Amino acid sequence: MIQDLDKTVEKILYDKGRMSRNDIDVSFDQPNGDWSARLARPTLNVWAFDLRENMKLRNMTLGTERENGIGTRRRMSLRYDITYLVTAWARKVEDEHQLLWRGLGALVQIPILKRDECEGALREQPYDMPLLVGTIGERLPNTSDLWSVLNNQMRMGFTFIVTLAVDPLMSFEAPLVLERTARFGQSLE
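A brief structural summary. As the structure is a computational prediction, the values presented were derived from the model and not from experiment.

## Considering the packing of aromatic side chains
No. 1: For the structure on display, the rule yields 3 aromatic pairs.
No. 2: Ring geometry for Trp47 versus Phe49: centroids 5.6 Å apart, planes at 35 degrees, classification tilted.
No. 3: Relative accessible area serves as the criterion here: at 11%, Trp47 is assigned to the buried category.
No. 4: Ring centres of Tyr84 and Phe160 lie 4.7 Å apart, and the angle between their planes is 5 degrees; this geometry places the pair in the stacked category. Of this pair, Tyr84 sits in strand β5 (residues 78–89) while Phe160 sits in strand β8 (residues 157–166); the two residues are 76 residues apart in sequence, bridging distant segments of the chain. No difference in accessibility class separates Tyr84 from Phe160, as the two residues are buried.

Have a look at this one:
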């Protein structure tokens, strides 16, 4: 689900921010010192760094589903906030500021993610998915502490929060790990 949110956010940034994939990269990697040392092109980094239940939207009532004349009571979906930090990376500060402003401008156009404009499993969300851009949160970490943990220089940036529903009875159909390693060379056997 989070990977579908990343794809949706990337699409918004490129489309609404009118950014060319040939000129600008969008990265969801942790912006640590090793990552930034490898950058070759201007990059808008969109790092998901916090995931926690939205207690204001918690619904402890049981929902009733009816099928074949039989009623079943079950817990309602839980709602979780995913918080992203958006920063821009380029050789010139002016380019970083322009890129950051484009990202901000793209995201503020979308107060609620519409299911039909989302990628993958986000289309099946049971509730609206609000997108809060640049708001002052009650639980955001101290940014200087965050950057010191990342072992990188502090950057100007903004946060945005997306709220997703999680069904407490969901089952998983996809593989757990999507990455594979191929080894080439001679075997010692």
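## Here we look at the pairing of β5
No. 1: Of all 12 residues that make up β5, 11 are buried, and the element is covered over most of its length.
No. 2: Here 10 bridges tie strand β2 (residues 43–53) to β5, and the two strands are oriented antiparallel to one another. Among the inter-strand pairings, Val46 is bridged to a residue of β5, identified as Val86.

## Overview of a positive patch on the surface
No. 1: Among the surface-exposed residues, Lys16, Arg18, Arg102 and Lys114 lie close enough to one another that they form a single positively charged patch.
No. 2: If you trace the backbone, Arg102 turns up in helix α3 (residues 93–107).
No. 3: Exposure remark for Arg102: the relative accessible area of 35% places this residue in the partly exposed category.

## Some details on unusual backbone geometry
Leaving glycine out, the prevailing phi sign among residues is negative, and the prevailing peptide bond configuration is trans.
No. 1: A positive phi angle is found at Arg18, which is not glycine, with a value near 50 degrees.
No. 2: Considering the arrangement of structural elements, one finds Arg18 in the loop between α1 (2–16) and β1 (25–27).
No. 3: When its relative accessible area of 74% is taken as the criterion, Arg18 is described as exposed.

Rules used in this analysis
Residues numbered from 1 in each chain as written. Predicted model: local features only at pLDDT ≥ 70, side-chain atom pairs only at ≥ 80, totals over all residues. Heavy atoms only, no water. Phe/Tyr/Trp six-rings, centres within 6.5 Å; stacked < 30°, edge-to-face > 60°. Buried < 20%, exposed > 50% of the residue type's maximum accessible area, 1.4 Å probe, protein only. Helix = DSSP H or I, 4+ residues; strand = E, 2+ residues; numbered from the N terminus. Pairing = 2+ DSSP bridges. Patch = residues over 30% accessible without salt bridge, like charges linked within 9 Å, V, L, I, M, F, W, Y side chains within 5 Å. Areas by Shrake-Rupley, 256 points an atom, 1.4 Å probe, with all protein chains shown as cover. Salt bridge = Lys/Arg side-chain N within 4 Å of Asp/Glu carboxyl O. Lys, Arg positive; Asp, Glu negative; His and termini not counted. Charge placed at Lys NZ, Arg CZ, Asp CG, Glu CD.

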